[in-house]
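Here's the letter readout for the chains.
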Amino acid sequence: MQLTSDFNWQLEAWAVFSNHYHFIARPCHQGDGESLKPMLSRLHEKTAKWINKLDGQPGRKVWHNFRDSILSFEKSYLARLNYVHCNPVHHHLVPDAGQYPWCSAS
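Residues numbered from 1 in each chain as written. Predicted model: local features only at pLDDT ≥ 70, side-chain atom pairs only at ≥ 80, totals over all residues. Heavy atoms only, no water.

Colleague: For helix α3 (residues 74-90), give the residues involved together with the corresponding values.
Modeller: The terminal C-alpha atoms of α3, which comprises 17 residues, lie 23 Å apart, in line with the 24 Å expected from a rise of 1.5 Å per residue. V84 marks the point of greatest bend in α3, at about 35°, and the proline P88 comes within the next four residues. Turning to α3, its buried residues are L81, V84, H85, N87 and P88. Buried positions along α3 lie against β1 (9-16) and β2 (21-27). (Helix = DSSP H or I, 4+ residues; strand = E, 2+ residues; numbered from the N terminus. Expected span 1.5 Å × (residues − 1). Bend = angle between axes of the 7 residues up to and from the residue. Buried < 20%, exposed > 50% of the residue type's maximum accessible area, 1.4 Å probe, protein only. Contact = heavy atoms within 4.5 Å.)

Colleague: So what about the packing of aromatic side chains? Which residues, and what values?
Modeller: According to the stated counting rule, one finds 4 aromatic pairs in the structure shown. On the numbers, 5.4 Å between centres and 25° between planes, the contact of F17 with Y100 is stacked. Residue F17 is located in the loop between β1 and β2, and its partner Y100 is located in the segment after α3; the two are separated by 83 residues in the primary sequence. Y100 shares its class with F17; the two are buried. Relative to W102, the ring of Y100 has its centre 5.5 Å away and its plane inclined at 70°; by these criteria the two rings are edge-to-face. Y100 gets classed as buried once you look at its relative accessible area, which sits at 11%. Take W102: its relative accessible area is 53%, and that puts it in the exposed class. What links up through ring pairs into an aromatic cluster is the set F17, Y100 and W102. Sitting above the plane of the Y77 ring, R26 keeps its charged end 5.9 Å from the centroid. (Phe/Tyr/Trp six-rings, centres within 6.5 Å; stacked < 30°, edge-to-face > 60°. Lys NZ or Arg CZ within 6 Å of the ring centre and 35° of its normal.)

Colleague: Which residues make up the pattern of salt bridges, and what values do they have?
Modeller: Under the criterion given, the structure shown has 3 salt bridges. As a salt-bridge pair, R26 and E12 come within 2.3 Å of each other at their nearest N and O atoms. On the criterion of sequence distance, the pair formed by R26 in strand β2 and E12 in strand β1 is long-range, its members being 14 residues apart. Across the salt bridge formed by K49 and E45, the nearest N and O atoms sit 3.2 Å from each other. Taken together, the residues K49 and E45, both in helix α2 (residues 36-55) and 4 residues apart, mark about one turn of the helix. (Salt bridge = Lys/Arg side-chain N within 4 Å of Asp/Glu carboxyl O.)

Colleague: Which residues make up the layout of surface pockets, and what values do they have?
Modeller: In this structure, the largest pocket spans a volume of roughly 1300 Å³. Lining of the largest pocket is provided by 35 residues; of these, F23, R67, D68, S69 and R80 occupy positions nearest its centre. Those elements that place two or more of their residues in the lining of the largest pocket are β1, β2, α2 and α3. Top contributing element to the lining of the largest pocket by residue count: β2, with 7 residues. Of the volumes computed, that of the second largest pocket is approximately 630 Å³. Lining the second largest pocket are 22 residues, and of these V16, Y21, L43, T47 and W63 lie nearest its centre. (1 Å grid on protein atoms, 1.4 Å probe; cavity = no way out; pocket = protein on both sides within 12 Å on 5 of 7 lines; lining within 4 Å. Points joined across faces, edges and corners; volume = space filled by probe spheres on them.)

Encoded structure:
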């Protein structure tokens, strides 16, 4: 959460897995959307170094790409929110998303 705060983003939903993640966030101020790419670059840099240290694989590329979307309609927002929260169930990790500890569904 510190990282999103540093870049003026409010994290609203997330689900983190061993090989990918999903999140929904909104910029704290109008026009702050430009900071998304630098924020994700920092996130990927820090987490890749940590994961590679754990695995003894320095320099390995961990994160390969990302896609972002601007959610401008409430119906789109709610659909994405549901998608993020239901992802642990979709991947058969838990029967109820609220049971998955690395998801904001609970």
